[in-house]
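So the chains spell out like this:
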Amino acid sequence: MVKLSVIGFSHFKFFVFLVLKSLTNRQAIIYYEQVLSKLAGKISTRIASVALAVILALIPSLLALAEGSGTGTITITATTKTVLEIELNPPSWEIGQVGPDTEYKTNPEKTWCTMTNRGNCMANTYIKGDDAVWTESPSVYKWTLSDDGSNGTQVYVLWYEKADQVGYVLISKDESGIGSEFYPGLGMGDGNKKQFGLKLKAPVADYENYFYGGGEMETHIIISGVAV
């Protein structure tokens, strides 16, 4: 009888394992209580209590097997943002009063402006100019920026000179692009800063569209950067 009981119990354990895959902890306990009540007349109280103890002991491990089987991995990737920031110091040149057909230079000539790359990557820099306009009424009067280095009636000229080079370079408008190459491969931080100066030549005297006395003319030089 004992041997038969063991064999019967062995089969019962196998059956329990299959059922437990789809039952919660509480559902499994209720289920086994129902099963044991049906078997009460067929097996002794001692065997039933042993079976219950074994079954309940199996519940946590079998549920863990059913619920915790398998593992998952989450992979997170990120790309750092490229920041382009060109700092110019000083950012403006106030020449003061100008006369016709006269040249004006920054002071000091070649180290007047300091350019620093404050971004997080190396940059190729480019430079271009623009027409100068009368600030009180830009649509009424302007100076066109020269594209060949010669001034004329309502035509003025701009140049730059780098601190580490000799000679002025013409600044043009380049309306369809970002301008001409300025400092290529500009490194980051103060250790890679560059210096340059500017020169302006006013238009020739114009007696039809004359220089407005006390009028303020304004133009812009644009220095842009492209990440290397």
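Structure's up top.
The structure displayed is predicted, hence computed values, not measured ones.

## Some words on the overall build of the protein chain
Scanning the protein chain for helices and strands turns up three helices and twelve strands. When each of the 228 residues of the protein chain is scored for burial, the buried share is 29%. Looking at the protein chain alone, contacts between residues at least 24 apart form 75% of all its contacts between residues at least 6 apart. When the accessible surface of the protein chain is split by element, carbon and sulfur atoms take 54% of a total near 14500 Å².

## Side note on the side chain of Thr-116
With respect to the helices and strands, the residue Thr-116 is situated in strand β3 (residues 113-117). Non-local contacts of Thr-116, meaning those with residues more than four positions away in its chain, are made with Glu-85, Ile-86, Glu-87, Gly-189, Asp-190 and Lys-193.

## What to know about a negative patch on the surface
There is a patch of like negative charges on the surface, built from Glu-94, Glu-136, Glu-216 and Glu-218. As for its position among the elements, Glu-218 is in strand β11 (residues 217-218).

## Overview of a nonpolar patch on the surface
Taken together, the side chains of Met-122, Met-188 and Val-228 make up a nonpolar region of the molecular surface, amounting to roughly 280 Å² of accessible area. With respect to the helices and strands, the residue Val-228 is situated in the segment after β12 (222-227). The exposure class assigned to Val-228 is exposed, which follows from its relative accessible area of 62%.

## Brief notes about the environment of Pro-91
Here Pro-91 is to be found in the loop between β1 (86-89) and β2 (103-105). For Pro-91 and Thr-114, which are 23 residues apart along the polypeptide, the C-alpha to C-alpha distance reads 9.3 Å.

## Observations regarding the side chain of Thr-114
Take Thr-114: it is sitting in strand β3. Here the side chain of Thr-114 touches Gln-195 through a polar contact of 3.1 Å, side chain to side chain. Sequence-distant contacts of Thr-114, defined by excluding residues within four places in its chain, comprise Glu-87, Leu-88, Asn-89, Lys-193, Lys-194 and Gln-195.

## Concerning the sheet that holds strand β4 (residues 123-128)
The sheet built from three strands is open, its strands ordered β9-β4-β12 with antiparallel pairing. Single-partner strands in this sheet number two, and they are β9 (180-181) and β12. Of the pairings in the sheet, the one linking β4 to β12 comprises six bridges and is antiparallel in character. Its bridge partner lying in β12, Ile-127 is registered against Ile-223.

## Digging into the pattern of salt bridges
For the structure on display, the rule yields eight salt bridges. Among the ionic pairs, Lys-142 bridges to Asp-131, the shortest N-O distance being 3.5 Å. Of this pair, Lys-142 sits in strand β6 (residues 142-145) while Asp-131 sits in the loop between β4 and β5 (132-134), placing them eleven residues apart in sequence. Given the relative accessible area of 37%, Lys-142 is considered partly exposed. As a salt-bridge pair, Lys-173 and Asp-131 come within 3.2 Å of each other at their nearest N and O atoms. Of this pair, Lys-173 sits in the loop between β8 (169-170) and β9 while Asp-131 sits in the loop between β4 and β5, and the two are 42 residues apart along the sequence. When its relative accessible area of 12% is taken as the criterion, Asp-131 is described as buried. It is possible to trace a salt-bridge network through shared partners that takes in Asp-131, Lys-142, Lys-173 and Glu-175.

## Focus: the packing of aromatic side chains
Counted under the stated rule, the structure contains five aromatic pairs. Look at Phe-182 and Tyr-183: their rings are 5.0 Å apart centre to centre, the planes differ by 70°, and that puts the pair in the edge-to-face class. Summarising the burial analysis for this pair, Phe-182 and Tyr-183 share the class buried. The interplanar angle of 85° and the centroid separation of 5.1 Å between the aromatic rings of Phe-182 and Phe-196 together place this pair among those described as edge-to-face. A residue pair is termed long-range when its members are at least 10 positions apart, and Phe-182 in the loop between β9 and β10 (194-201) and Phe-196 in strand β10 qualify at 14 residues. Note on accessibility: Phe-182 and Phe-196 belong to one class, buried. Here the aromatic residues Tyr-160, Phe-182, Tyr-183 and Phe-196 are joined through ring pairs into a cluster of three or more. When the ring centre of Tyr-183 is taken as reference, the NZ or CZ atom of Lys-162 above it lies at 4.3 Å. Of note, Lys-199 hangs over the ring of Trp-159, and the distance from its end group to the ring centre comes to 4.4 Å.

Parameters and conventions
- Residues numbered from 1 in each chain as written.
- Predicted model: local features only at pLDDT ≥ 70, side-chain atom pairs only at ≥ 80, totals over all residues.
- Heavy atoms only, no water.
- Helix = DSSP H or I, 4+ residues; strand = E, 2+ residues; numbered from the N terminus.
- Buried < 20%, exposed > 50% of the residue type's maximum accessible area, 1.4 Å probe, protein only.
- Contact = heavy atoms within 4.5 Å.
- Areas by Shrake-Rupley, 256 points an atom, 1.4 Å probe, with all protein chains shown as cover.
- Patch = residues over 30% accessible without salt bridge, like charges linked within 9 Å, V, L, I, M, F, W, Y side chains within 5 Å.
- Salt bridge = Lys/Arg side-chain N within 4 Å of Asp/Glu carboxyl O.
- Lys, Arg positive; Asp, Glu negative; His and termini not counted.
- Charge placed at Lys NZ, Arg CZ, Asp CG, Glu CD.
- Polar contact = N/O pair within 3.5 Å; in protein donor to acceptor, adjacent residues only side chain to side chain.
- Pairing = 2+ DSSP bridges.
- Phe/Tyr/Trp six-rings, centres within 6.5 Å; stacked < 30°, edge-to-face > 60°.
- Lys NZ or Arg CZ within 6 Å of the ring centre and 35° of its normal.

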